[in-house]
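# Residue-level structure breakdown
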Amino acid sequence: MQKELMTPAAILLGSVFIAAGLYFGLQREAPPAAFHPASTEAAAASAKMPASDAPAPAEAPVPSQPAPRAADAAAASPSELYKRVEADAIKALEARRPLFVKQCWEPSLKKSPTPARAKYLFNMTFDASGKEIARGISEVRGMDRPDAAQCLRMIPLGIGVPPPGARIAVEVEMILP
């Protein structure tokens, strides 16, 4: 090939690879069945029994306790669920405030005394069980300390909220110190 045709050909080939990757990577599988210890024990017990001893579908054991707050999530509107999870996330972040101040804010303040306060936006995603599965931290212009923000980003995930029953993302504002 001539040199003039190499660049467009490379761009076209790269675009095909990216498109194929997006197509196959973004296809969704069916969501997994909800985990409940009683249901897995029953399934394991029925797998061990011979076919003649297997209970009829009507005799199948019923889980003693429903999934936590699953009924609440179904009954609550999305905005009510968001507000509840947002309030729980604020409480969880406020409980960690002393750690944030000691580990991230104080070292940053020693380096430079200005600004005296900084505002951060925590974008957090919680799964149905209330476990934090993703977090992003943004700085607000004019009230930013990049070194403190980077330190906050390095703190491992681990914030939990009462189980919302569905995956939900919230945005919470926090001002340090």
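Below or above, wherever it landed, is the structure these notes cover. These numbers were taken from a predicted model, which means no experiment stands behind them. (Residues numbered from 1 in each chain as written. Predicted model: local features only at pLDDT ≥ 70, side-chain atom pairs only at ≥ 80, totals over all residues. Heavy atoms only, no water.)

### What about the overall build of the protein chain?
- In terms of regular secondary structure, the protein chain is built from five helices and three strands.
- Secondary structure of the protein chain in N-to-C order comes out as α-α-α-α-β-β-α-β.
- When the 177 residues of the protein chain are sorted by exposure, 22% land in the buried category.
- Sequence-distant contacts in the protein chain: of pairs separated by 6 or more residues, those separated by 24 or more amount to 74%.
- On the protein chain, roughly 12,300 Å² of surface is accessible, and the fraction owed to carbon and sulfur atoms is 63%. (Helix = DSSP H or I, 4+ residues; strand = E, 2+ residues; numbered from the N terminus. Buried < 20%, exposed > 50% of the residue type's maximum accessible area, 1.4 Å probe, protein only. Contact = heavy atoms within 4.5 Å. Areas by Shrake-Rupley, 256 points an atom, 1.4 Å probe, with all protein chains shown as cover.)

### Examining the environment of Ile90
- Take Ile90: it is sitting in helix 4 (residues 78-111).
- For Ile90, a relative accessible area of 37% gives the class partly exposed.
- On a C-alpha basis, the gap between Ile90 and Met174 in space is 8.4 Å, while along the polypeptide they are 84 residues apart.

### Quick notes on the sheet that holds strand 2 (residues 132-139)
- As summarised here, the arrangement of the three strands in space is 2-1-3, forming an open sheet in which the pairing is antiparallel. For this open sheet the edge positions go to strand 2 and strand 3 (168-176), each flanked by a neighbour on one side alone. Strand-to-strand twist of the sheet, defined as the mean angle between neighbouring strand axes without regard to direction, takes the value 20 degrees.
- In this structure, strand 1 (residues 118-126) lies alongside strand 3, joined through nine bridges in antiparallel fashion. (Pairing = 2+ DSSP bridges. Axes fitted to C-alpha atoms, helices over the stretch in contact; angles between N-to-C directions.)

### A short note on the environment of Ser108
- Locating Ser108 in the fold gives a position in helix 4.
- Residues Ser108 and Cys151 lie 43 residues apart in sequence; the distance between their C-alpha atoms is 9.3 Å.
- In terms of polar contacts, Ser108 uses its side chain to reach the side chain of Arg145, at 2.9 Å. (Polar contact = N/O pair within 3.5 Å; in protein donor to acceptor, adjacent residues only side chain to side chain.)

### Section: helix 4
- Between its terminal C-alpha atoms helix 4 stretches only 43 Å, short of the 50 Å expected from 34 residues at 1.5 Å a residue.
- The principal kink in helix 4, of about 45 degrees, is found at Arg96, preceding the proline Pro98 by one to four residues.
- Leu81, Val85, Asp88, Ala89, Ala92, Leu93, Arg97, Phe100, Val101, Cys104, Trp105 and Ser108 are the residues of helix 4 that are buried.
- In this structure, the buried side of helix 4 is in contact with strand 1, helix 5 (146-154) and strand 3. (Expected span 1.5 Å × (residues − 1). Bend = angle between axes of the 7 residues up to and from the residue.)

### Structural notes on the nonpolar core
- Among the nonpolar cores identified, the biggest contains 27 residues, and Tyr120, Phe122, Met124 and Leu152 are the most heavily contacted of them.
- Among the secondary structure elements, those contributing two or more residues to this core are helix 4, strand 1, helix 5 and strand 3.
- Sort the elements by how many residues they give to this core and helix 4 lands first, with nine residues. (Core = buried A, V, L, I, M, F, W, Y, C linked by side-chain atoms within 4.5 Å.)

### A word on helix 5
- Taken as a whole, helix 5 has its buried residues at Ala148, Ala149, Cys151 and Leu152. One side of helix 5 holds all its buried residues, which, seen down the axis, span an arc of 160 degrees. Residues Pro146 and Met154 are exposed on helix 5 and point more than 90 degrees away from its buried face. (Arc of directions from axis to C-beta.)

### Focus on the packing of aromatic side chains
- Counted under the stated rule, the structure contains one aromatic pair.
- Residues Phe100 and Phe122 carry aromatic rings whose centres are separated by 5.9 Å and whose planes lie at 20 degrees to one another, so their mutual orientation is stacked. Taken together, the residues Phe100 in helix 4 and Phe122 in strand 1 connect sequence positions 22 residues apart. Grouping residues by exposure puts Phe100 and Phe122 together as buried.
- Of note, Arg145 hangs over the ring of Trp105, and the distance from its end group to the ring centre comes to 4.8 Å. (Phe/Tyr/Trp six-rings, centres within 6.5 Å; stacked < 30°, edge-to-face > 60°. Lys NZ or Arg CZ within 6 Å of the ring centre and 35° of its normal.)

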